[in-house]
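One-letter residues, chain by chain:
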Amino acid sequence: RASAQVFSKNASGSIIYHTGDVGIMRDGKIFWAGRISDGFKLANGEYVNPDKIETLEEEIRKIDPRINEVMICGPNRLYLTALIFSEKYTVEDLRAKIQERLPKIGEGTMGVRKFVVVDTGKLELTPTMKVKRKAISEKLASVIDSLYKN
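Residues numbered from 1 in each chain as written. Predicted model: local features only at pLDDT ≥ 70, side-chain atom pairs only at ≥ 80, totals over all residues. Heavy atoms only, no water.

Draft legend 1. Focus on the overall build of the protein. Scanning the protein from terminus to terminus reveals five helices and nine strands. Sequence-ordered secondary structure for the protein, helices as α and strands as β, is α-β-β-β-β-β-β-α-β-β-α-β-α-α. Out of the 150 residues belonging to the protein, those deemed buried represent 32%. Pairs at least 24 apart in sequence give 50% of the contacts found in the protein among residues at least 6 apart. Of the roughly 9600 Å² of accessible surface on the protein, a fraction of 52% belongs to carbon and sulfur atoms. (Helix = DSSP H or I, 4+ residues; strand = E, 2+ residues; numbered from the N terminus. Buried < 20%, exposed > 50% of the residue type's maximum accessible area, 1.4 Å probe, protein only. Contact = heavy atoms within 4.5 Å. Areas by Shrake-Rupley, 256 points an atom, 1.4 Å probe, with all protein chains shown as cover.)

As C-alpha cells, then:
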C-alpha cells in the first residue's frame, strides 16, 4: 500500500518514484528547487513554488544588513506578505527602507504587498539554520493574520 503511494506509471508505462522534491530543468540539466511541501497555493489557486519563495526572501534580505531573516507568508491568502526578522526591529529608518524597496521586488500576485518587522528573538531555526516555517506560522499566527486585515 505504501509503495502504491510513492510509485506510479506514466502514460508511456515508465515507473515514476514520487520523492516530494521539486526540480527545474535548465539547459538540459535538472536542478533541485526544494520540496513540494515548501511551496503553497494562494487563495486564487496560483501555486507559489519554493524557488520563487527563496528568491523573494533573498531579495528582501539584500535590502539592509540589519535584516537577519525573512519568511514569506500567503498559503490560502489573497496575496503574499513577509515576516522580516531583525534585532533592531524598532528602527524606523529600516522600516522606511523596506517600504521603499519592497514594491520593486516581485511582480503582480508574486510581489509582497505587506510586511512586519519582528524581533529576531521570535525566530526559530532548524539545526541546519533553516526557518521553521510551521512553528513560526503557529507562534506568530495573530501577527500574520493582522497583515491580511484592511
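Draft legend 2. Main features of the pairing of strand 7 (residues 67-73). Within strand 7, six of the seven residues are buried, which leaves it mostly tucked inside the rest of the structure. Direction of pairing for strand 7 relative to strand 8 (residues 80-86): antiparallel, over a ladder of six bridges. Along strand 8, the bridge assignment pairs Val70 with Ile84. In sequence, strand 7 turns back onto strand 8 through a hairpin of six residues, with Gly74 there showing a positive phi of about 160°. (Pairing = 2+ DSSP bridges.)

None of the figures reported here should be taken as evidence of function without further support.
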